[in-house]
Structures are given as structure tokens and as C-alpha cells.
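# Residue-level structure breakdown
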Amino acid sequence: INDEGMLYLKSRGISLDTANQFKLGHYWSDQYPPNRLVIPTSKYTYNTRSIDAGSDIKYCRSAGMPVVLFNKEALNQKRYPVFIVEGELDAISIEQLGFKAVALGSASNIGLISTREDLDKLEYPMIIALDHDETGSKRSNDLRDKLDKKSIQYVVSDSLYGNFKDANECLVNEPDEFKKRLESAVMLSLQMKSAVSEKKAEELEWYKSQSVKSHKDAYIQDRMLQLEPISTGYSKLDEVL
């Protein structure tokens, strides 16, 4: 990425190491907006973000370019819960702070998550963290409804962004406080996993209590009371029987 692109990323709190990790680039063309940050979303797809201060167009995709889940590889790791955010720069911001995140590209793309068939394989409940605005709140509720219907576990941290709109604004304005709130959201996910595990353990114990094996001793005692003892020829032993 060139110096102009890095100046923009620096203003957004993104380091060179992070830019290289996600293969961010800079693109200039005759099309409007001409000066753009390129964000690869897969091997064959990308999104672009205008870095001109006066541009009315923020994100722009090439015509016919499919929308795919950004950083979807985060869903395959087993170490951390995954944050679900809107913009690619939001996911990158969370990743830079040491956590895992995927991006929808837009609040309208909740289907990129809700229609996946592998969500039940996640190690921890996902953390829904769409933008802190009216649209983000509405789409967050829509996503929660869809996940509830599929019995997929998730958590929502309403205070994650504080007074800011999204993850990148938090990274720029209060990175230390934001990291603490991310940690709190992660703990919330871990606590839900623990609670779900405990619930399953309780259900297993209940099942065991209903099984024949758990009633073995009571069954044997009851069965013995129904049998007529056979004389052994020893009077004291017969009395016990």
C-alpha cells in the first residue's frame, strides 16, 4: 500500500502490520470515487472505500461483484468467540486489538450469517455487534430472530461501542477502553457457553435418573421381596432369608 493509503489507515487507527495481514491496497482510477482503499474479501472479490475527505460515496463495489463474508476464516478457529460486525474496517479494528471478527459489508447482508449451515459447530456463542445506530439495531434484531429459529447461541453487548457508532470509531477515539469492553463481551460469550454446558449436564443427569440402570439397586431389592426363599438346611440362615 502506498503512502497516501497508509496516511488514511493511520487516521483510522490501522497499523502497517494489520494492513499487510489483510492485504489492503490503494487504487486510483478515472471512476468516481477515484481514490480508494481496496479491501480483499476473498481470493476473487473485494470492496473499496473512498479515502477522499469530500467524497459522498464511502464504499463502492464493482458491478456484478458478489458480496461475501469478510474474514470468514475466523469462524473456523476455536480460541475466541467471533464478533459479527458490519464494515470490513470494523472487523479489522477488532482483529488488531487481538480478537476475532467477521464483517457483513452492510447491515442488509445478515443472510451471510443467518443462512450458514455450520454455526452449530462454533466453539463459543457468536457476539452480535452491528453498528450503534437505528439501522444496525433493527438488523441486529432481525439477525437474532433468525438465529433463535435455528437455536443458534449468541450474545449481544449493547454497551460495546459506548458513545460511538462502530468498532473503528472506538479504535480511533478510545482504544484502551474499547479493548476492555471487547474483553467483557468475550467473557459474556464464555459465560453463556458455560451455562449451556451446565444445562446439558443437568439434562444428562436427569436422563440418567430416569434410566433402568440408575434404578438397578431399587429394582433388585423389590424383586427379591417378591421371591420365596429356598431352604438352605440351616435354620439361622433360613430365618435371615
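So, here is what we can say about the structure in this document. (Residues numbered from 1 in each chain as written. Predicted model: local features only at pLDDT ≥ 70, side-chain atom pairs only at ≥ 80, totals over all residues. Heavy atoms only, no water.)

### Points about the overall build of the protein
The secondary structure content of the protein amounts to nine helices and eight strands. Buried residues in the protein amount to 39% of all 241 residues. Counting contacts in the protein only where the partners sit at least 6 residues apart, residues at least 24 apart contribute 55% of the total. (Helix = DSSP H or I, 4+ residues; strand = E, 2+ residues; numbered from the N terminus. Buried < 20%, exposed > 50% of the residue type's maximum accessible area, 1.4 Å probe, protein only. Contact = heavy atoms within 4.5 Å.)

### Considering the side chain of Ser114
Checked against the element boundaries, Ser114 lands in helix H4 (residues 111-114). The exposure class of Ser114 is buried, given its relative accessible area of 7%. With near-sequence residues (within four places) excluded, Ser114 lies in contact with Leu143, Lys146, Leu147 and Lys150.

### Remarks on the sheet that holds strand S3 (residues 46-50)
Taken in spatial order, the four strands line up as S1-S2-S3-S4 in an open sheet, and their pairing is antiparallel. One side of each edge strand has no neighbouring strand; the edge strands of this open sheet are strand S1 (25-28) and strand S4 (59-60). In this sheet, strand S2 (residues 35-40) lies alongside S1 in antiparallel orientation, the contact comprising four bridges. Each bridged residue has a counterpart across the sheet, and for His26 the counterpart in S2 is Leu37. Set on the sheet, helix H1 (residues 3-11) makes contact with S1, S2 and S3; between it and S2 the angle comes to about 75°. Sheet contacts for helix H3 (residues 88-96): S2, S3 and S4; angle to S2, the most-contacted strand, approximately 65°. (Pairing = 2+ DSSP bridges. Axes fitted to C-alpha atoms, helices over the stretch in contact; angles between N-to-C directions.)

### Considering the pairing of S3
Among the five residues of S3, four are classified as buried, and the element is accordingly described as predominantly covered. Taken together, the five bridges between S2 and S3 define a ladder with antiparallel strand orientation. Across the sheet, residue Ile39 finds its bridge partner in S3, namely Asn47. Counting the residues between successive antiparallel strands, the hairpin from S2 to S3 contains five residues. Where S3 lies against S4, two bridges are found, and the strand directions are antiparallel.

### Some remarks on a nonpolar patch on the surface
Together, Tyr234, Leu237 and Val240 make up a nonpolar patch on the protein surface, roughly 360 Å² of accessible area in all. With respect to the helices and strands, Leu237 occurs in helix H9 (residues 235-240). Classification of Leu237 as partly exposed rests on a relative accessible area of 42%. (Patch = residues over 30% accessible without salt bridge, like charges linked within 9 Å, V, L, I, M, F, W, Y side chains within 5 Å. Areas by Shrake-Rupley, 256 points an atom, 1.4 Å probe, with all protein chains shown as cover. Salt bridge = Lys/Arg side-chain N within 4 Å of Asp/Glu carboxyl O.)

### A word on the packing of aromatic side chains
Applying the stated criterion across every chain yields a total of four aromatic pairs. Seen in terms of ring centroids, Tyr161 and Phe178 are 6.1 Å apart; in terms of plane orientation they differ by 40°. Their pairing is tilted. Here Tyr161, found in the loop between strand S8 (154-156) and helix H6 (167-173), pairs with Phe178, found in helix H7 (residues 175-210); they are 17 residues apart in sequence, far enough to count as distant. Of the two residues examined, Tyr161 and Phe178, each falls in the buried class. Ring pairing ties together the aromatic residues Tyr80, Phe83 and Phe99, which thus form one cluster. In this arrangement the basic side chain of Arg49 is found over the ring face of Tyr59, its NZ or CZ atom lying 5.7 Å from the centre. (Phe/Tyr/Trp six-rings, centres within 6.5 Å; stacked < 30°, edge-to-face > 60°. Lys NZ or Arg CZ within 6 Å of the ring centre and 35° of its normal.)

### Topic: the pattern of salt bridges
Applying the stated rule across the entire model yields ten salt bridges. A salt bridge links Lys121 to Asp120; the shortest N-O distance between them is 4.0 Å. Ionic pairing is found between Asp131 and Lys165, a salt bridge with its closest N-O pair at 2.7 Å. With Asp131 in the loop between strand S7 (126-128) and helix H5 (134-149) and Lys165 in the loop between S8 and H6, this pair connects stretches of sequence that are 34 residues apart. A residue is classified by how much of its surface remains accessible, and Lys165, at 33% relative accessible area, is partly exposed. One salt-bridge network, held together by shared partners, links Asp131, Asp133, Lys165 and Asp166.

### What about the sheet that holds S8?
Where strands meet in a sheet, backbone hydrogen bonds hold them as pairs that are either parallel or antiparallel. Taken in spatial order, the four strands make up an open sheet running S6-S5-S7-S8, and their pairing is parallel. This sheet does not close on itself; its edge strands, each paired only once, are strand S6 (100-103) and S8. Within the sheet, the average angular offset between the axes of one strand and its neighbour, ignoring direction, is 30°. Here strand S5 (residues 82-85) runs beside S6; their pairing, made up of four bridges, is parallel. Following the sheet pairing, Val85 is matched in S6 by Ala103. Its contacts with the sheet put H3 on S5 and S6, and the angle it makes with S6 is roughly 175°. The sheet strands contacting H5 are S5, S7 and S8, and the helix crosses S7 at an angle near 150°.

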